[in-house]
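Chain by chain, the residues run as shown.
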Amino acid sequence: MNVAVLGAGAWGTALASHAAARQPTRLWARDPQQAAQMRALGRNPRYLAEVALPSALEVGSDLDAALAHAADGLVVVATPMAALAEMLQRIGNRAARLVWLSKGFGQPGGRLGHEVARDLGYTRPFGVLSGPSFALEVARGQPTALVAASSDPALASAVVDALHGAALRIYTSSDPVGVEVGGAVKNVLAIATGIADGMQLGLNARAALVTRGLAEMTRLGVALGARPATFMGLSGLGDLVLTATGDLSRNRQVGIALAGGRRLSEILADLGHVAEGVSSAPMVLRRARDLGVEMPITEAVVRVLDGAVNPADALDELMQREVRAEG
């Protein structure tokens, strides 16, 4: 099955490198200079310099050629959430099967990926590929498990056929809403956990944040039409634990830096990569409020990101909340 991966960031490069060992694969880079540099060096010096690209992987900046390559195969959109709508418009109906790796709530209105596709009138089979996955580990061939979610079972099965291998295990799900909510909200909660770790609050506090954060994620997901059980799986609890505790997590790094008193603009400038939780946090909170869903940890993160409160005061507000039953 021919595969085209659209987006040559760290995650797109890692997945394309994995796919190239199994299927004829093309990686599309928006920047022609980046594509030329990757071909010349045999690696992605901008986003994944540590790992050599497989010789079988084709890298280019011609989107039409990439889509033609995978016209009857699988197209994987590996752009940040902010670029998903644009990519879907450019792809049109030229992909027989399409999934995206994008995680977050996009503008306008805080839409999830499936809502973006629906609003654009996208009619071909589509879904989301998500789960606990640092790009560097996937590129190194370290064991990873993901979930392919779609309302079209044939599409989810095709993703398994294209990408499942010895080092990358692909599960399927018929709950794309739940998988997308998990992938979006975990980034916000990772910022909260990073703040707690940066303040050296201890492992008890980290465990409490992860657990209560999972409850917030589940409440929002169910209100949006997801199944509760999805949040106990790879795209929920699995991705939350990885992103909240792993040192490679950019969202966690943002939280740690905020706890150290640094300004958000400086943190993001130094990061050099997209931290989806920063842009997703206010949209998660907006969707929650519209649905009457209480998300106190998310609200605290938004206030810290906005500079309305410092991390210590945000912690005090959370700890002083009214006592209630856990469920």
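Treat the numbers as computed from the prediction; the structure is a model and nothing was measured.

Quick look at the layout of surface pockets
Within this model, the largest pocket holds a volume of roughly 1100 Å³. Lining the largest pocket are 42 residues; nearest its centre among them are Ala10, Trp11, Arg250, His273 and Val274. Mapped by element, the contributors of at least two residues to the lining of the largest pocket are α1 (10-20), β4 (48-52), α6 (135-139), α8 (176-198), α10 (234-245) and α11 (250-259). Residues of the lining of the largest pocket, tallied by class, amount to 19 nonpolar, 14 polar and nine charged. Each of domain 1 (3-174) and domain 2 (177-320) accounts for three or more of the residues forming the lining of the largest pocket. Lining the second largest pocket are 30 residues; nearest its centre among them are Arg212, Pro296, Ile297, Leu318 and Arg321. Mapped by element, the contributors of at least two residues to the lining of the second largest pocket are α8, α9 (203-223), α14 (296-306) and α15 (311-319). No other element matches the seven residues that α9 contributes to the lining of the second largest pocket.

So, helix α12 (residues 264-271)
Inspection of α12 places Leu264, Ile267 and Leu271 among the buried residues, and these make up the whole buried set. Taken around the axis of α12, the buried residues stretch over an arc of 60°, which confines them to a single face. Seen from the buried face of α12, the exposed residues on the opposite side, beyond 90 degrees, are Ser265, Ala269 and Asp270. Check the buried side of α12 and you find it contacts α11, α13 (276-291) and α14. Taken from the residues just after α12, glycine 272 is the one with a positive phi, measuring 75°.

Notes on the packing of α8 against α13
Relative to each other, α8 and α13 sit at 105°, their axes nearing to 8 Å. Our classification of the angle between α8 and α13 gives roughly perpendicular. Between α8 and α13, the residues in contact are Val185, Asn187, Val188 and Ile191 and Glu276, Gly277, Val278, Ser280, Ala281 and Val284, respectively. Partitioned by chemical class, the residues of the contact of α8 with α13 number six nonpolar, three polar and one charged.

Points about the nonpolar core
Grouped together as the largest cluster of nonpolar side chains are 45 residues, with contacts concentrated most on Phe105, Val181, Val185, Met217, Leu220, Val254 and Leu258. Taken together, the elements giving at least two residues each to this core come down to α8, α9, α10, α11, α12, α13 and α14. Core analysis: the next-biggest nonpolar cluster, separate from the first, contains 37 residues, Val5, Ala35, Leu136 and Ile170 among them.

Some remarks on the pattern of salt bridges
For the structure shown, the criterion picks out 19 salt bridges. Glutamate 86 is paired through a salt bridge with arginine 30; the nearest N and O atoms lie 3.2 Å apart. In this pair, glutamate 86 sits in helix α4 (residues 84-91) while arginine 30 sits in the loop between β2 (25-28) and α2 (32-41), placing the two residues 56 residues apart along the sequence. Here arginine 321 ties to glutamate 294 by a salt bridge, and the two come within 3.4 Å at their closest N and O atoms. In this pair, arginine 321 sits in the segment after α15 while glutamate 294 sits in the loop between α13 and α14, placing the two residues 27 residues apart along the sequence. Exposure remark for glutamate 294: the relative accessible area of 38% places this residue in the partly exposed category. Taken together, the salt bridges that share partners define one network made up of Asp197, Arg206, Asp247 and Arg252.

What to know about the UniProt feature "binding site: NAD(+)" (unreviewed entry) in the protein
When the UniProt feature table is mapped to this numbering, "binding site: NAD(+)" (unreviewed entry) covers Gly7, Ala8, Gly9, Ala10, Trp11, Gly12, Ala135 and Arg250. Lining residues of the largest pocket, restricted to the annotated ones just named, are Gly7, Ala8, Gly9, Ala10, Trp11, Gly12, Ala135 and Arg250. Checked against the element boundaries, glycine 9 lands in the loop between β1 (3-6) and α1. If near-sequence neighbours (up to four positions away) are discounted, glycine 9 is found in contact with Asn44 and Tyr47. Mapped onto the secondary structure, alanine 10 falls in helix α1. Alanine 10 has contacts with Tyr47, Leu48 and Ala135, leaving out every residue within four places of it along the chain.

Parameters and conventions
The residue numbering used here restarts from 1 in each chain and proceeds along that chain's sequence as written. Whole-chain, interface and lining totals are the exception, using all residues; otherwise, since this is a predicted model, local features are given only for residues with pLDDT of at least 70 and side-chain atom pairs are given and counted only at 80 or more. Note: side-chain values were computed over all heavy atoms of the structure, leaving out hydrogens and water. A pocket here means an open set of points on a 1 Å grid, computed over the protein atoms alone, that has protein on both sides within 12 Å along at least five of seven lines. A cavity is instead a set of points where a 1.4 Å probe fits but cannot get out; residues with an atom within 4 Å of a point line either one. Grid points are joined across faces, edges and corners, and a volume is the space filled by probe spheres set on the points. Only DSSP runs of H or I with at least four residues qualify as helices, and only runs of E with at least two residues qualify as strands; both kinds are numbered from the N terminus onward. Amino acids are sorted into nonpolar (Ala, Val, Leu, Ile, Met, Phe, Trp, Tyr, Cys and Pro), charged (Asp, Glu, Lys and Arg) and polar (every other residue, Gly among them). Reported domain spans reflect what an automatic or database domain assignment gives. The buried label goes to any residue with under 20% of its type's maximum accessible area, the exposed label to any with over 50%, and the partly exposed label to all in between, with areas taken from a 1.4 Å probe on protein chains only. Summarising the geometry, the arc corresponds to the directions from the helix axis toward the C-beta atoms. Contacts: residue pairs with any heavy atoms within 4.5 Å of one another. What counts as an axis is a line fitted to C-alpha atoms, over the stretch in contact for a helix, and the angles between N-to-C directions run from 0 to 180 degrees. Orientation is classified from the angle alone, with under 35 degrees giving roughly parallel, over 145 giving roughly antiparallel, 65 to 115 giving roughly perpendicular, and any other angle giving oblique. Side-chain atoms within 4.5 Å are what join buried Ala, Val, Leu, Ile, Met, Phe, Trp, Tyr and Cys residues into a set we call a nonpolar core. Salt bridges, as used here, are contacts in which a Lys or Arg side-chain nitrogen is within 4 Å of a carboxyl oxygen on Asp or Glu. UniProt positions are given in the numbering used here, feature names are shortened, and annotations may be inferred rather than shown by experiment.

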